[in-house]
Structures are given as structure tokens and as C-alpha cells.
Amino acid sequence: MQFSKEDHEAVSDAIQAAEKRTNGQIVCVLAHASSDYAYIPILWASALALVTPWPLINFTPWSVQRIFLIQLLVFIVAALVFFLAPLRLALVPRGVRRARAHRAALEQFVVRRIANTRNRSGILIFVSLAERCARIIADDGIAQKVEASEWQAAIDALRDNMRAGRIAQGFTAAIERCGAVLAAHAPPDGSPNELPDRLYVI
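Basis of the calculations
- Residues numbered from 1 in each chain as written.
- Predicted model: local features only at pLDDT ≥ 70, side-chain atom pairs only at ≥ 80, totals over all residues.
- Heavy atoms only, no water.
- Buried < 20%, exposed > 50% of the residue type's maximum accessible area, 1.4 Å probe, protein only.
- Helix = DSSP H or I, 4+ residues; strand = E, 2+ residues; numbered from the N terminus.
- Pairing = 2+ DSSP bridges.
- Salt bridge = Lys/Arg side-chain N within 4 Å of Asp/Glu carboxyl O.
- Axes fitted to C-alpha atoms, helices over the stretch in contact; angles between N-to-C directions.
- Contact = heavy atoms within 4.5 Å.

## Considering the pairing of strand S3 (residues 133-138)
Thought 1: Here S3 lies mainly inside the structure; 6 of its 6 residues are buried.
Thought 2: Neither face of S3 is exposed, since Cys 133, Arg 135 and Ile 137 on one face and Ala 134, Ile 136 and Ala 138 on the opposite face are all buried.
Thought 3: Hairpin remark: strand S2 (residues 122-128) followed by S3, antiparallel, with 4 residues in the connecting loop; positive phi at Arg 132, about 50°.

Structural data, given as C-alpha cells:
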């Protein structure tokens, strides 16, 4: 999904408006996918190839060499088919997709230097499109003051807009709700803006 210049500006404006009411920092990241899951086609193709010889051994008079060639062909064809992006993602268990998205969010939290702010009141709003996953990760300074459930309204707004294909609007709605939470628990104290007010697309 392509983001227009106007979409990026809308997200940046929303971040700037929200941060005027708090000493917290808001960082937004949109990932097309949290992993390429390159190992998944190999796993499934291997499993299919391992099963293939058994009915051939039991129900055909074919030689070992012929069965081996069929097994090899099954592996190659299955791997190529399973490498197709939509099918590859469909073969990934939901729990694995969620775990990969959470790991990617934690990596972005570190990469974007959110934990390096003076007040430790930064948050990450992370969306992974392929996994259809949204996460909000708060730094220690704000996490100690805010129950995880308080971020749920922002997550709900983000997911509702994502389902309708309105990713930019989802981010702006989530930013507004996160800004309200930050304003209540981390009011302005004159701290400088330490992180860029922008949407990262990876």
C-alpha cells in the first residue's frame, strides 16, 4: 500500500498536535510485513515430500529410483508454489505471525531510539499490514503510570480503520487517543522534541 505525501503530512501534523500537550514522544511505524517467512515454504515442501513415497511404495511397483525422482519433483514444485506471497503467509500459524509482529515492533522501538528520550515517556504505534497486527509499546517512564488497557481505544481505532483500508486515518485517530493518555500522565515540562514527527514506512 502506497502512502501519499498528504498521508505522511497528516500523520506528522497529528503527532505534532498531540505532543504539544505532553512531554512524551510519539513514533509511528508502518511495516508491509514483519518477516519474509522464507523458511515456511521449505518446511511445508519438505513435509509433503516426506509423505509422498509412502503410498507409492505400498501401491505401485515402481523402482526406488523413480519414487526418489518423484519425491524430489514434489519438493521442488511445492516449494515454488508455497513461495507465492499470499499462500506463504496463509501457511504461517497465527501465533507465529503475532509473535513475529511483536518482535518487529520491539526492534523498531530500539531502532527509533524511543528508549533514549530524557523522560522515558515515548511510545511506538506499530502496524504490520501482512500480519494485520497493531501494537502500542510504551517506554518505562510512561508504562509505569498507564495501565495497558488505557491504550486499547487507540488500538481499536487503528484496527477499525485498517479493516476499512484507511491506514492514514487509523494512525491519526490512534495518535489523538494516545496523545490524550500522554497528556493526562505526562504533561508538558518544557522538554525539547527529541524524535522526528513522522511516519516510518518499512
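Anyway, onward from the coordinates.
## Observations concerning the pattern of salt bridges
As a working rule, side chains carrying opposite charge can pair if their charged atoms are close by.
Thought 1: Here the structure, examined in full by the defined rule, presents 4 salt bridges.
Thought 2: Measuring nitrogen to oxygen at the nearest pair gives 2.7 Å for the salt bridge that ties Arg 120 to Asp 139. Separated by 19 residues along the polypeptide, Arg 120 in the loop between helix H6 (94-111) and S2 and Asp 139 in the loop between S3 and helix H7 (140-143) bring together distant segments of the chain.
Thought 3: In this structure Arg 120 comes out as partly exposed when scored by relative accessible area, which is 30%.
Thought 4: What emerges from the salt-bridge pattern is a single network uniting Arg 120, Asp 139 and Asp 140.

## What to know about unusual backbone geometry
Thought 1: Positive phi, close to 50°, is recorded for Tyr 37, a residue that is not glycine.
Thought 2: Tracing the backbone through its elements, the reader meets Tyr 37 in the loop between strand S1 (25-31) and helix H2 (39-51).
Thought 3: What makes Tyr 37 buried here is its relative accessible area of 2%.
Thought 4: The phi torsion at Arg 120 lies on the positive side, around 50°, for a residue other than glycine.

## Focus: the sheet that holds strand S4 (residues 199-201)
Thought 1: Read from one edge to the other, the open sheet built from 4 strands follows the order S3-S2-S1-S4, with strand pairing classed as mixed. Of all strands in the sheet, those with a lone pairing partner are S3 and S4, marking the two edges. Across this sheet, the average inter-strand angle for adjacent strands is 15°, counted without regard to direction.
Thought 2: In terms of strand pairing, S2 meets S3 through 6 bridges, oriented antiparallel. From the neighbouring strand, Val 127 faces S3, where its bridge partner is Ala 134.
Thought 3: Strand contacts of helix H1 (residues 5-19): S1 and S4, with the helix running at about 155° to S1, the strand carrying the most contacts.
Thought 4: Packed onto the sheet, H6 meets S1, S2 and S3 and runs at close to 140° relative to S2.

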